[in-house]
Amino acid sequence: MKTDIKNRKDIEKLVNTFYEKVKTDDTIGYLFNDVAHVNWETHLPKMYNFWENILFFTGNYEGNPMAKHKELHQKSAMNPNHFGHWNKLFTETVDKLFEGSKAEEIKNRALNISAAMMFKTLS
């Protein structure tokens, strides 16, 4: 039986599972691996902090994801399909692992953040 997202441990499980998909994904994996050359040891803890702050208002995230996405777009042009596919993978991962009000909230927040990122990055 699935439970709701309750704490940082659940955030870590979600983020780790999601990025394992992303790393090998045919549509967006190359952006992370070949273009951004993501250092996963440093990126994953930042993502734990980001999503924990988004969902539980911990205030433990520092960074400028908009600048990073604009920089990435300059290196390799992104398009709405990239953002839509990211959303699909994220939603599928949440649905596979969790159910409940926080699970619904994180999916909605992710969609809103992605839409803002897409608009500002591609404009």
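Bear in mind the structure is a predicted one, so any value in this text is a computation, not a measurement.

> Just give me the short version of the packing of helix H1 (residues 8–23) against helix H5 (residues 80–97), but keep the residues and values in it.
Running from amino to carboxyl end, H1 crosses H5 at an angle of 135°, the nearest separation of the two axes being 10 Å. Between H1 and H5, the angle falls in the class oblique. At the point where H1 passes H5, the crossing takes the right-handed sense. From H1, Lys-13, Leu-14, Thr-17, Phe-18, Lys-21 and Val-22 reach across to H5, where they touch Trp-86, Leu-89, Phe-90, Glu-92, Thr-93, Val-94 and Leu-97. The residue makeup of the contact of H1 with H5, split by class, is eight nonpolar, two polar and three charged.

> Explain the side chain of Asp-4 to me, and be specific about the residues and the numbers.
Looking at the secondary structure, you find Asp-4 in the segment before H1. For the buried Asp-4, no salt bridge exists, and the shortest N-O distance to an oppositely charged side chain is 7.4 Å, to Lys-102. A polar atom in the side chain of Asp-4 sits 3.0 Å from the backbone nitrogen of Ser-101. Looking at Asp-4, its side chain comes within polar contact range of the main-chain nitrogen of Lys-102, at 2.9 Å. Non-local contacts of Asp-4, meaning those with residues more than four positions away in its chain, are made with Asp-10, Phe-98, Glu-99, Gly-100, Ser-101, Lys-102 and Ala-103.

> Describe the packing of aromatic side chains, naming the residues involved and giving the relevant values.
This structure, assessed with the given rule, holds eleven aromatic pairs. When the ring of Phe-18 is compared with that of Trp-86, the centres are 5.2 Å apart and the planes differ by 75°; the resulting orientation is edge-to-face. Within this pair, whereas Phe-18 is found in helix H1, its partner Trp-86 is found in helix H5, the two being separated by 68 residues in sequence. When the centroid spacing of 5.3 Å and the interplanar angle of 75° are considered together, the rings of Phe-18 and Phe-90 count as edge-to-face. Of this pair, Phe-18 sits in helix H1 while Phe-90 is found in helix H5, placing the two residues 72 residues apart along the sequence. The exposure class of Phe-90 is buried, given its relative accessible area of 2%. Cation over ring: Lys-23 sits above Trp-40, and NZ or CZ is 5.0 Å from the ring centre.

The rules behind these values
Residues numbered from 1 in each chain as written. Predicted model: local features only at pLDDT ≥ 70, side-chain atom pairs only at ≥ 80, totals over all residues. Heavy atoms only, no water. Axes fitted to C-alpha atoms, helices over the stretch in contact; angles between N-to-C directions. Helix = DSSP H or I, 4+ residues; strand = E, 2+ residues; numbered from the N terminus. Parallel < 35°, antiparallel > 145°, perpendicular 65-115°, else oblique. Left-handed = near helix turned anticlockwise from the far one by under 90°. Contact = heavy atoms within 4.5 Å. Nonpolar A, V, L, I, M, F, W, Y, C, P; charged D, E, K, R; others polar. Buried < 20%, exposed > 50% of the residue type's maximum accessible area, 1.4 Å probe, protein only. Lys, Arg positive; Asp, Glu negative; His and termini not counted. Salt bridge = Lys/Arg side-chain N within 4 Å of Asp/Glu carboxyl O. Polar contact = N/O pair within 3.5 Å; in protein donor to acceptor, adjacent residues only side chain to side chain. Phe/Tyr/Trp six-rings, centres within 6.5 Å; stacked < 30°, edge-to-face > 60°. Lys NZ or Arg CZ within 6 Å of the ring centre and 35° of its normal.

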